[in-house]
Amino acid sequence: MDLIMIDPKLKEPLYIQLYKYFKAEIEYNRLAEGVKLPSIRGLSNNLSISKITVEKAYQQLASEGYIQNYNRSRYAVNKLDSVVLSTTTIRSQPYPALKSKEEKVLYDFSSGEMDMDGFDFSLWKRYINKVFANKRRLIGYGNSSGEEELRAEIVKYIHHSRGVNVHKDQIIVGAGIQTLLHTLCSLLKIKYTNIAFEEPGFKNGRQIFTDHSFDIIPIRMNQGGIDMEELTNCGARLVYVSPSHQFPTGYIMPIGMRNRLLQWAEQVDGMIIEDDYDSEFRYFGRPIPALKGLDTNDHVVYLGSFSKIIPPSIRISYMVLPERLMDVYRKNAGLYNQAASTVEQLALAKYMEDGHLERQIRRLRKLYYEKRLLFFDAIKKILGDAAEVNESEAGLHTILVVKSELTAAELVSKALANGCKIAPVRDYYLEASNEKLPQIILYFSKIPSAEIAAAIHLLKTAWF
């Protein structure tokens, strides 16, 4: 043990240095099973350190199972199954950080994140500080369904803005839609084994249901929404739709089709999962009422998110469960831990109560409406006849049909090489896309207004 090196000048305690030395020797098989470690007294004398220091190091090793004290004799190395490491795996230097293509991105057309100037962080900070003044509310884990104040505000909000009438006990708050879908899957798998999804549609949602062993049935989209004939014939009794602004097509389901979908759910004793994706951003006319607002027979699960209104880093979404699922949820409520921050839930509740959420929506709607006009104008002037753009009346993105012999993958690669990140529509199909010309999703929300023309010029340079 003459090679043991410990340095009293280091900030790290001596017993930790000693512990790490023996741990490494054992893990790399330089001290084999059964080998006895030096006695506490002998090692303390040899290293000129206290016996307490040696004893603390040995106790830590023993508590982690590296060594064992047999019959009060000296400590010996324990048997370690599948823990011993080859010395060839030792690396003294950290691995270099992986280089990401995103490091070169000047303009991200693939993201629906908000405009840099779209949120008043100083105002939000004041609401966060108000929450910290009430320490009693912050020392626990919080309500598994979400803080009561926020759920009450959500009830008022979706009644006023989406025509949905529910009780606050039906509201489940979560840290993003995907977190809520994991909870929902556990409730639905008791009765359902497969689920129909819009094609193209929400690929992350499809993956979550796949992870929970649901069979995914893709149903084609048309301008009236999901193909009802195909849905009726597929045998599914569970369907995932985004009727108010379908992603990525941008289609809006008309009232007649909504009624047909509700009638289908009644006939098959099925369930509709309504993802009310970015429904706040409709630029002409009044917002279309949510499907849940038309649901008189308790067949719709409603999903909503604040991620397009306030920064998605705050991570607050919500789910409205129909009464028929509430008993199952209450029975298993203890299994569902709340992942959304209590601090931010309480801050958002007060922010909504004081009317700031509605003001924020009006502000963003105006900002994005003006940015949308600049965006479409730049596409027409700069790309001209080389592309066709879908000028939808809602949302934060458009689909661009590029008149090019390049594939969608080649367009993505060339755009990225020129500093622009884009996403092809084909990525949102479960099965093969039948598009004749490549289609690209372009978000405008994150691109600064003053730089929209420059960003479109970069795409033109990359593609043509």
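Residues numbered from 1 in each chain as written. Predicted model: local features only at pLDDT ≥ 70, side-chain atom pairs only at ≥ 80, totals over all residues. Heavy atoms only, no water.

K.L.:
Go over the overall build of the chain with me, naming the residues and quoting the values.
P.N.:
Scanning the chain from terminus to terminus reveals 15 helices and 16 strands. Computed over the C-alpha atoms, the radius of gyration of the chain is 29 Å, more than 25% above the 23 Å expected from 2.2 N^0.38 for a compact globule of 464 residues. Across its three principal directions, the C-alpha atoms of the chain cover 85 × 55 × 50 Å. Expressed as a percentage of the 464 residues in the chain, the buried residues total 49%. Considering only contacts within the chain whose residues lie at least 6 apart along the sequence, 71% involve residues at least 24 apart. When the accessible surface of the chain is totalled, it reaches about 23,900 Å², and 50% of it is carbon and sulfur. For the chain, the distance from the average position of its 59 positive side-chain charges to the average position of its 55 negative side-chain charges is 6 Å. (Helix = DSSP H or I, 4+ residues; strand = E, 2+ residues; numbered from the N terminus. Rg over C-alpha atoms; globule rule 2.2 N^0.38 Å. Buried < 20%, exposed > 50% of the residue type's maximum accessible area, 1.4 Å probe, protein only. Contact = heavy atoms within 4.5 Å. Areas by Shrake-Rupley, 256 points an atom, 1.4 Å probe, with all protein chains shown as cover. Lys, Arg positive; Asp, Glu negative; His and termini not counted. Charge placed at Lys NZ, Arg CZ, Asp CG, Glu CD.)

K.L.:
Kindly report on the sheet that holds strand S5 (residues 194–199), identifying the contributing residues and their values.
P.N.:
Sheet strands pair by backbone hydrogen bonding; their relative direction is either parallel or antiparallel. The mixed open sheet is built from eight strands, whose spatial order is S4-S11-S10-S9-S8-S5-S6-S7. Of all strands in the sheet, those with a lone pairing partner are strand S4 (171–174) and strand S7 (225–226), marking the two edges. As paired elements, S5 and strand S6 (residues 215–222) share six bridges and run parallel to each other. Across the sheet, the residue bridging to glutamate 199 is arginine 220, located in S6. (Pairing = 2+ DSSP bridges.)

K.L.:
Which residues make up the state of the cysteines, and what values do they have?
P.N.:
Inspection of every chain in the model, using the stated rule, returns zero disulfides. Of the cysteine sulfurs around cysteine 234, a residue in no disulfide, the closest is that of cysteine 185, at 17 Å. (Disulfide = S-S within 2.5 Å.)

K.L.:
Hey, could you go over the pairing of S5 for me, with residue numbers and the actual values?
P.N.:
Among the six residues that make up S5, six are buried, leaving the element largely enclosed by the rest of the structure. Taken together, S5, helix H7 (residues 203–211) and S6 form a β-α-β motif whose crossover is right-handed. In this sheet, strand S8 (residues 238–241) lies alongside S5 in parallel orientation, the contact comprising two bridges. When the bridges of S8 are listed, alanine 196 appears paired with valine 239. (Right-handed = clockwise from strand over helix to strand, strands pointing away.)

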